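# Coordinates in review
Listed below, chain by chain, are the residues.
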Amino acid sequence: MSRNILLRRYICKRLNEYYSQPSDSVVGSISNHSSSTSRSINFSTLLNQWHWKYTYKRLYKEQKGMWLTPVELFYPYYSNILGNFITESINNNNLQSKHEDNVFDIVELGGGRGTNAKAVLNHLNDSHPEMYDRLQSYTIYDTSPSLHELQRKVLIDDSSHADKVKLVNIDMMDIAEGNTPFLEPSDTPTALIALELLDNLPHDKIARCMETGNILQAEVMPLESDESSDQIDTSIPYKEIFSPLNDPLLQHILSLTSTYNPTPYRWVPTVALGILLKLFECRPNSSLMFADFDWLPLPDIDQTFNKKAVGDPLVTDMKGNDHPSYLTYPPNALCDILFPTDFSRMLTFSKKVVEQSNNDFAVSNMKQRDFLMKYGAEEVNKTKGWSGYSY
């Protein structure tokens, strides 16, 4: 029989296959598909909420990608606000740490089409030129080979910011597990941003043994196989099983906090938390901002394929059809696997890590609207329609 496979490795394989598709099939854009140049929606011409929804639906029909992110829809205003956040965070960081060197770095995890990076760099150059001059590097880490190549075209081949940009095609799970170098250890102030990334990072599922009370980890095994192999073949069906907890990363995360105790089954954002640990280890002088879904709609079919757990993902294919499980059928269907992010639990975990590292960083959790108004009320106003409705 084949050896069991840790669940997050199976999910990682499925997601890597999804993100290896052509870039236009993964992340949509309101730009002309023959050009890498982004364009803006003229919000001032929109009459009301109905007009916005109509425009939104039309844009989705016009593009090939499954998703249109806020960065693409609200270009460049959303990214301008991130530029303001980076400016304020880095300046506050320098004041608190009394860092002698006046330079800083920006890191983006999961850079999409490169739209956000280009807009942030444009905004810093135009509105905060002193910050642009101090910026050492803007590094994007991305798992998708097709998006990685598009980022190269947008940010290096067709950009005036090429000397600031570094692109790294790397698996996020390898970063979390320490299998590959991440950031060079340094006390250089670093701003890390990750937009719509947490929902697509591999998770683990855990359970509590009813007999012993011990925590178990979810694994998958082929339904039918006579060969012993560590390779994941997504063309064949698998089933979910539970085994004693022995994965080092998962053990370490659960040892730091009881936040993710199973009740009785729970998903754990292992890769996201592993990356957080690596960030604090490599760049203790960091500011970071994650933005993602804290809620996802239930699938339009019954989830009866495997045991339900707190934080179950939404699994949807390239035709927009929902599937009952990450163990979808047919097995090799290209599916996006999206997890809702429990930011309150991530906040508790982050505070624990910061506390143990003896840092004085403030960690907070706020709704996107509050964040946008705090760092860019003027930019938000630019998205108001003819009637004054803000989109």
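Just so you know, these numbers come straight off a predicted model, no measurement behind them. (Residues numbered from 1 in each chain as written. Predicted model: local features only at pLDDT ≥ 70, side-chain atom pairs only at ≥ 80, totals over all residues. Heavy atoms only, no water.)

## Focus: the overall build of the protein chain
Applied cut-off: A run of H or I in DSSP becomes a helix once it reaches four residues, and a run of E becomes a strand once it reaches two; helices and strands are each numbered from the N terminus. In this treatment the radius of gyration is a C-alpha quantity, and the globule benchmark scales as 2.2 Å times the residue count to the 0.38 power. Under the scheme applied here, a residue whose accessible area is under 20% of the maximum for its type counts as buried, over 50% as exposed, and between as partly exposed, the area being computed with a 1.4 Å probe on protein chains only. Note on definitions: a residue-residue contact is assigned when non-hydrogen atoms from the two residues lie within 4.5 Å. Where accessible areas are quoted, they stem from the Shrake-Rupley method and a 1.4 Å probe; at the residue level, only the protein chains shown are allowed to cover. Residues scored as positive are Lys and Arg, those scored as negative are Asp and Glu, and His as well as the terminal groups of each chain are ignored. All charge positions are set by atom: Lys at NZ, Arg at CZ, Asp at CG, Glu at CD.
Counting its secondary structure elements, the protein chain contains 13 helices and 13 strands. In terms of C-alpha radius of gyration, the protein chain reaches 21 Å, essentially the compact-globule figure of 21 Å for 391 residues. Here the protein chain holds 391 residues, and the buried ones make up 56% of them. Taking the intrachain contacts of the protein chain between residues at least 6 apart in sequence as the baseline, contacts between residues at least 24 apart amount to 76%. Summing over all exposed atoms, the protein chain offers an accessible surface of approximately 18300 Å²; the carbon and sulfur share of this is 49%. Averaging the coordinates of the 36 positive side-chain charges in the protein chain and doing the same for the 49 negative ones gives two points 5 Å apart.

## Considerations on the pattern of salt bridges
To be explicit about the condition: For salt bridges, the criterion is a side-chain nitrogen of Lys or Arg within 4 Å of an Asp or Glu carboxyl oxygen.
Counted by the stated rule, this structure contains 13 salt bridges. A salt bridge links glutamate 177 to arginine 9; its shortest N-O distance comes to 3.0 Å. Residue glutamate 177 is located in helix H9 (residues 172-177), and its partner arginine 9 is located in helix H1 (residues 7-19); the two are separated by 168 residues in the primary sequence. The partly exposed category is assigned to arginine 9, whose relative accessible area is 31%. With a closest N to O distance of 2.6 Å, aspartate 294 and lysine 367 form a salt bridge. Of the two residues, aspartate 294 sits in the loop between strand S10 (286-291) and strand S11 (314-317) while lysine 367 sits in the loop between helix H12 (343-356) and helix H13 (368-381), which places them 73 residues apart along the sequence. Residue aspartate 294 is classed as partly exposed on the basis of its relative accessible area, which comes to 40%. Owing to a relative accessible area of 52%, lysine 367 belongs among the exposed residues under this scheme. Several salt bridges converge on common partners, so that one network encompasses Arg8, Arg9, Glu177, Asp204 and Asp247.

## Considerations on the sheet that holds S11
Rule in force here: When DSSP finds two or more bridges between two strands, those strands count as paired.
Across the sheet, which stays open at both edges, the 3 strands sit in the order S12-S11-S13 with antiparallel pairing between neighbours. One side of each edge strand has no neighbouring strand; the edge strands of this open sheet are strand S12 (322-323) and strand S13 (335-338). In the sheet, S11 pairs with S13 via 4 bridges, with the strands oriented antiparallel. Note that in S13 the partner of leucine 314 across the bridge is leucine 338.

## Things to note about helix H8 (residues 145-157)
Three or four residues apart is the spacing at which side chains of an α-helix point the same way, because the helix has 3.6 residues per turn. Spelled out, the test is: Here the expected length of a helix is defined as 1.5 Å per residue gap, with one fewer gap than residues.
If you check H8, its first and last C-alpha atoms are 17 Å apart, about what 13 residues at 1.5 Å a residue would give, namely 18 Å. Taken together, the buried positions of H8 are Ser146, Leu147, His148, Leu150, Gln151, Val154 and Leu155.

## A short note on the state of the cysteines
Basically, it comes down to this: A pair of sulfur atoms, both from cysteines and within 2.5 Å, is called a disulfide here.
One pass over the structure, following the stated rule, counts 0 disulfides. Free of any disulfide, cysteine 12 has its nearest cysteine sulfur in cysteine 335, 16 Å distant. We note that cysteine 282 lacks a disulfide partner, and the nearest cysteine sulfur, in cysteine 12, lies 19 Å from it.

## Observations concerning helix H3 (residues 49-62)
Filter applied, for reference: The directions considered for the arc run from the helix axis to the C-beta atoms. Pairing of N or O atoms within 3.5 Å defines a polar contact, subject to two protein rules: one partner must be a possible hydrogen donor and the other a possible acceptor, and residues neighboring in sequence count only if both atoms are side-chain atoms.
The end-to-end C-alpha distance of H3 is 20 Å, a good match for the 20 Å that 14 residues give at a rise of 1.5 Å each. All of the buried residues in H3 are His51, Trp52, Thr55 and Leu59. Down the axis of H3, the buried set is contained in an arc of 100 degrees. They therefore lie on one face. Turned more than 90 degrees from where H3 packs its buried face, Trp50, Lys57 and Lys61 sit exposed. Looking at the buried side of H3, the elements it contacts are helix H4 (70-73). Where H3 begins, the side chain of asparagine 48 points an oxygen toward the backbone nitrogen of tryptophan 50, at a separation of 3.2 Å.

## Comments concerning the packing of helix H11 (residues 270-282) against H12
When two helices pack together, their arrangement is captured by the angle between the axes and the distance separating the axes. Going by this rule: For helices, the fitted line uses only the C-alpha atoms of the stretch in contact; every axis is such a line through C-alpha atoms, and the angle between N-to-C directions lies from 0 to 180 degrees. For classification, angles of less than 35 degrees are called roughly parallel, those exceeding 145 degrees roughly antiparallel, those between 65 and 115 degrees roughly perpendicular, and all remaining angles oblique. The crossing is said to be left-handed when, going from far helix to near helix, the turn is anticlockwise and less than a right angle, and right-handed when the turn is clockwise.
Remark: H11 packs on H12, axes separated minimally by 11 Å, with the N-to-C direction vectors making an angle of 25 degrees. For the element pair H11 / H12, the angle class is roughly parallel. In the packing of H11 onto H12, the handedness of the crossing is right-handed. Seen from H11, the contacting residues are Ala272, Leu273, Leu276, Leu277 and Phe280; seen from H12, they are Met346, Phe349, Ser350, Val353 and Val354.

## Things to note about the sheet that holds S10
The strand order S4-S3-S2-S5-S10 describes an open sheet built from 5 strands, whose pairing is parallel. Each of the sheet's edge strands pairs with one partner strand only, and the pair in question is strand S4 (165-169) and S10. Taking each pair of neighbouring strands and ignoring which way they run, the sheet shows an average axis angle of 15 degrees. Bridge count for strand S5 (residues 190-195) against S10 is 6 bridges, and the pairing is parallel. Counted as the bridge partner of threonine 190 is serine 286 from S10. Against the sheet, helix H6 (residues 115-127) engages strand S2 (104-109), strand S3 (135-142), S4 and S5, with an angle of about 165 degrees to S3.

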